[in-house]
Amino acid sequence: MSRTILITGATSGFGAAAVERFLADGWRVVATGRRAERLQQLVERHGETRLHAAAFDIRDADAMQAALDAIPDAFRGIDVLVNNAGLALGTAPAQRADLAQWRQMIDTNVTALVALTHALLPSLIERRGAIINISSIAGVYPYPGGNVYGGTKAFVSQFSLGLRSDLHGTGVRVTAIEPGMAETEFTLVRTGGDRAASDTLYTGAQPMTAEDIAGVIHYVATLPPHLNINRLELMPVSQSFAGFQVHRDPG
Ligand code: NDP
Ligand code: 8X3
């Protein structure tokens, strides 16, 4: 029997690659994001038999509810929720950061993720489904300029573990995937469209690809139902850890 997956942030990067991966494997896919034209291109490529596209800003609670209400019957029983939509904005230290950017990251990465999860929990419980939350190494290891972005991802990982506790006995699986550097539009968004900064970060580093992460999401979603990966941290081989920084007074 074909299963149904709802993937947020399906217009780019991990989410777009995951849509392709699950459609190729015969799943029904509900794909969401703000950029309606990209979702429309997906529909034109794949048709509407196994793909339903819903364009809305995930921070808009009413728009989210309207989109959920408008899901066609064939796509209503969501088996897997992939909370992927998210972003980092800026790399400035906290003392120079833009509060509006902090709010946008919290509203998108935390508040919207929580709201969508809450809305879909009844269906997920009924179907003994799965929740796959896209967290980040930024939620595990702090780095300069990661401040609120890292905080939102720490929330995502800890919320995932908390969900596991609450969903004990329901059969619902919950996983936080915590990727390191992967080349998507992530850095373009973070830098406000600075293509050179994005290229500089990724050039020569062999970062992970969106398809790498989509493969991991698919792996997690198709594990035997008795098996739960709680958190899964991954990096490109080229990325590892640096030491602590020490400030010394000039004397
Ligand atoms: P992209 O920028 O390529 O994709 C982000 C997706 O999120 C887009 O589809 C975007 O859609 C969607 N999105 C952002 N804001 C909103 C919003 N307000 N409403 C609806 N959708 C929204 O980045 P990635 O694919 O890399 O990022 C996916 C997830 O992975 C994010 O949560 C990110 O934090 C996380 N991550 C990324 C890593 C990386 O190195 N790339 C590493 C670790 C984690 P649209 O703009 O159309 O609304
Ligand atoms: C994205 C990974 O290290 O750029 O979440 O914050 S990092």
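Keep in mind that what you see is a predicted model, and the values were worked out from it rather than measured. (Residues numbered from 1 in each chain as written. Chains lettered and ligands numbered in written order. Predicted model: local features only at pLDDT ≥ 70, side-chain atom pairs only at ≥ 80, totals over all residues. Heavy atoms only, no water.)

### Some thoughts on the overall build of the chain
Helix and strand counts for the chain come out as eight helices and nine strands. Relative to the 2.2 N^0.38 estimate, which gives 18 Å for 251 residues, the radius of gyration of the chain is 18 Å and therefore close to what a compact globule would have. The principal-axis extent of the C-alpha atoms belonging to the chain is close to 70 × 40 × 35 Å. The burial tally for the chain puts 47% of its 251 residues in the buried class. For the chain, the proportion of contacts with a sequence separation of at least 24, taken over those separated by at least 6, is 70%. When the accessible surface of the chain is totalled, it reaches about 12800 Å², and 53% of it is carbon and sulfur. Positive and negative charge centroids in the chain, built from 21 and 24 side chains respectively, lie 4 Å apart. (Helix = DSSP H or I, 4+ residues; strand = E, 2+ residues; numbered from the N terminus. Rg over C-alpha atoms; globule rule 2.2 N^0.38 Å. Buried < 20%, exposed > 50% of the residue type's maximum accessible area, 1.4 Å probe, protein only. Contact = heavy atoms within 4.5 Å. Areas by Shrake-Rupley, 256 points an atom, 1.4 Å probe, with all protein chains shown as cover. Lys, Arg positive; Asp, Glu negative; His and termini not counted. Charge placed at Lys NZ, Arg CZ, Asp CG, Glu CD.)

### Quick look at empty space enclosed by the protein
For the coordinates displayed, the defined rule picks out two cavities of 30 Å³ or more. By volume, the largest cavity is sized at about 50 Å³. When the residues that make up the lining of the largest cavity are grouped by side-chain class, the tally is eight nonpolar, two polar and one charged. Each pocket or cavity is described by its volume, and for the second largest cavity that value is around 30 Å³. What lines the second largest cavity is simply Leu-6, Val-30, Thr-32, Ala-54, Phe-56, Ala-67, Leu-68 and Ile-71. Mapped by element, the contributors of at least two residues to the lining of the second largest cavity are strand S2 (28-33) and helix H3 (61-69). Looking at the lining of the second largest cavity residue by residue, the classes come out as seven nonpolar, one polar and no charged. (1 Å grid on protein atoms, 1.4 Å probe; cavity = no way out; pocket = protein on both sides within 12 Å on 5 of 7 lines; lining within 4 Å. Points joined across faces, edges and corners; volume = space filled by probe spheres on them. Nonpolar A, V, L, I, M, F, W, Y, C, P; charged D, E, K, R; others polar.)

### Things to note about the UniProt feature "domain: Ketoreductase" (unreviewed entry) in the chain
Cross-referencing UniProt, the feature "domain: Ketoreductase" (unreviewed entry) maps to residues 3-184 in the present numbering. Overall, residues 3-184 shows 44% helix and 18% strand. The separation of its end C-alpha atoms is 27 Å. (UniProt positions renumbered as here; feature names shortened; annotations may be inferred.)

### Some points on the side chain of Asp-79
Looking at where Asp-79 falls in the secondary structure, it is placed in the loop between H3 and strand S4 (80-83). With relative accessibility at 5%, the residue Asp-79 sits in the buried group. Here the side chain of Asp-79 touches Thr-4 through a polar contact of 2.8 Å, landing on its backbone nitrogen. With near-sequence residues (within four places) excluded, Asp-79 lies in contact with Arg-3, Thr-4, Leu-124, Arg-127, Gly-129 and Ala-130. (Polar contact = N/O pair within 3.5 Å; in protein donor to acceptor, adjacent residues only side chain to side chain.)

### Side note on the environment of Val-172
Assignment of secondary structure puts Val-172 in the loop between helix H5 (147-166) and strand S6 (173-179). Separated by 53 residues in the primary sequence, Val-172 and Pro-225 place their C-alpha atoms 8.7 Å from one another. Once residues lying within four places of it in the same chain are set aside, the contact partners of Val-172 are Leu-124, Ile-125, Arg-128, Gly-129, Ala-130, Ile-131 and Leu-167.

### Details of helix H7 (residues 195-202)
With a side-chain oxygen lying 3.2 Å from the backbone nitrogen of Ala-196, the N-terminal cap of H7 falls on Asp-194. Positive phi shows up at Gly-204, right after H7, with a value of about 80 degrees.

### Points about a nonpolar patch on the surface
Nonpolar side chains collect at one region of the surface, where Val-140, Tyr-141 and Phe-241 lie side by side and expose about 270 Å² of accessible area between them. Relative to the helices and strands, Val-140 is located in the loop between strand S5 (130-134) and H5. (Patch = residues over 30% accessible without salt bridge, like charges linked within 9 Å, V, L, I, M, F, W, Y side chains within 5 Å. Salt bridge = Lys/Arg side-chain N within 4 Å of Asp/Glu carboxyl O.)

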